[in-house]
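Breakdown of the fold
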Amino acid sequence: MMDNLLKYSLDEALKQGADHAECTLTKKTKWELNVSGKEITLLRTTDGRQLTIKAIKEQKKGSISTDKLDNEHIKKVISQVISNCESSKADDCYAIAPMEKASFIGHALEPDKEGMYVLLNNYLKDVKEKYPLIQMEPCIWTHISEEKQYANSNGAELYSKDGTYEFMAAMSAVDGEETSSFNFTGFLRNNVDQGILDCGSLDSILGELQGQIHTQSLGDKFTGTVILTPDVLQSIIGMYVNNFLTDGNLISGASPFKDKLDQQVASEHLTFMSNPLGPELSCGYHMTNDGFIAENQKIIEKGILKSYLLTLEGSNKTKLPRGKNHGDAFVIQEGHYTKEDLISSTDRGILLGRFSGGKPGSNGDFSGVAKNSYYIEKGEIKYPLSEVMISGNLIEMFKNINGISKERIDFGNALMPWISCSGITISG
């Protein structure tokens, strides 16, 4: 049943002159344990509610979000939304979702506080014993309970309630006055049945950090191979999708993929999906940000572009198909090689542990600093590297895939392998 607040907001928007209106109400409660040094030092609970109101009047659009939710304030906010509509430019592509009604109830709606404390305490003991040189930077173990309601003037009503455990940690290794570059990782889960050190890529990153205290400079420049680790791949895939397959560059026409549907855009080794409801992932989502029921979607199959991730508005503007979800929840299909196979087949290159760079150009050109990485020569890891620069092009990188690993890391909201790509410029 629609929340009274949403009903009031929709009625008031129409009363004040909107032709169409939509509202999203999000309620979020966090229960959080923080670690400082090697001890649990903070426990806190935070609550938040936010209402987003969007209105379309004479095909002009306005929207505002607010966390003050009494009727009198909402009335004033809607007046401002209508004013924003009237001062904006008309666009026939503005629209709201059609009528759909659905309700979704997920897992872990309430935190298992004792279970969270026990797991975090065990994690700190395990790290102290197994990785004595590790120094904790911010480390946060959170349960997030989120209730989300969407309604619009077409009669759509969507509701979801779900709970998620989220672990995020940054850490470095220290030996006397020497220290490694920091690194970070995290994962999501819908239960506390598994030890923290056994989840995501945490164990391998902690082990690697202890070996990255004493690094060497490359002192050279060459074009070679980069093996993307699962953590790096997760962020690179995000850049790839946002740059080529979502509203921004597709609406402007700058995306090189704007007319590539059902064409080869990447290596035939690459298949990946956005699966918010997939059985592979424990933490997905049920509704899109623009008011549709989310569905799983294949993005690239054997290198062929199968779909975009456009919103309703983006689809109307580009005349391309709307996405069945709003992205994320990426699952990359496993390959035929082991991680060790990828390393042993590399003549010269790096194992990329962390990438620090800016947003790539609309054509996919990128550059940045490789951190927490290793130099590979003639099939062997030689030494941990001091920072080196890498540059290339995202499209060419995914065309030049040498192989994908059988092993994948389950981050809860993504499933990522190791991928070897050639043709990257490495210097430092």
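The preceding data block contains the structure.
Residues numbered from 1 in each chain as written. Predicted model: local features only at pLDDT ≥ 70, side-chain atom pairs only at ≥ 80, totals over all residues. Heavy atoms only, no water.

A tally of helices and strands in the protein yields 9 helices and 21 strands. Expected size for 428 residues packed as a compact globule is a radius of gyration near 22 Å; at 24 Å, the protein falls within 12% of this value. Taken over the C-alpha atoms alone, the protein extends approximately 70 × 50 × 35 Å along its principal axes. Looking at the protein residue by residue over its 428 residues, the buried ones come to 51%. Residue pairs in contact within the protein that sit at least 24 positions apart in sequence constitute 72% of those at least 6 positions apart. Summed over all atoms, the accessible surface of the protein reaches about 19100 Å², with 46% contributed by carbon and sulfur. (Helix = DSSP H or I, 4+ residues; strand = E, 2+ residues; numbered from the N terminus. Rg over C-alpha atoms; globule rule 2.2 N^0.38 Å. Buried < 20%, exposed > 50% of the residue type's maximum accessible area, 1.4 Å probe, protein only. Contact = heavy atoms within 4.5 Å. Areas by Shrake-Rupley, 256 points an atom, 1.4 Å probe, with all protein chains shown as cover.)

Helix length check: helix α1 (residues 4-15), at 12 residues, gives a terminal C-alpha distance of 16 Å against a target of 16 Å (1.5 Å per residue), a fit within 8%. Within α1 the residues assigned to the buried category are L5, L6, S9, L10, E12 and A13. All buried residues of α1 fall inside an arc of 165° around its axis, so they share one side. For α1, the exposed residues lying more than 90 degrees away from the buried face are N4 and K15. (Expected span 1.5 Å × (residues − 1). Arc of directions from axis to C-beta.)

Time to look at the packing of aromatic side chains. Considering all chains together, one arrives at 15 aromatic pairs under this definition. When the ring of W141 is compared with that of F167, the centres are 5.9 Å apart and the planes differ by 65°; the resulting orientation is edge-to-face. Taken together, the residues span a long stretch of sequence, with W141 in strand β5 (residues 134-152) and F167 in strand β6 (residues 157-175) at a distance of 26 residues. With centroids separated by 5.3 Å and ring planes inclined at 35°, the aromatic side chains of Y375 and Y383 adopt a geometry described as tilted. This pair shows no difference in class: Y375 is buried, exactly as Y383 is. Chaining the aromatic ring pairs together yields one cluster made of Y240, F244, F257, F272, F330 and F398. If you follow R322 out to its NZ or CZ, it ends over the ring of F292, 3.6 Å from the centre. Of note, R348 hangs over the ring of F222, and the distance from its end group to the ring centre comes to 3.9 Å. (Phe/Tyr/Trp six-rings, centres within 6.5 Å; stacked < 30°, edge-to-face > 60°. Lys NZ or Arg CZ within 6 Å of the ring centre and 35° of its normal.)

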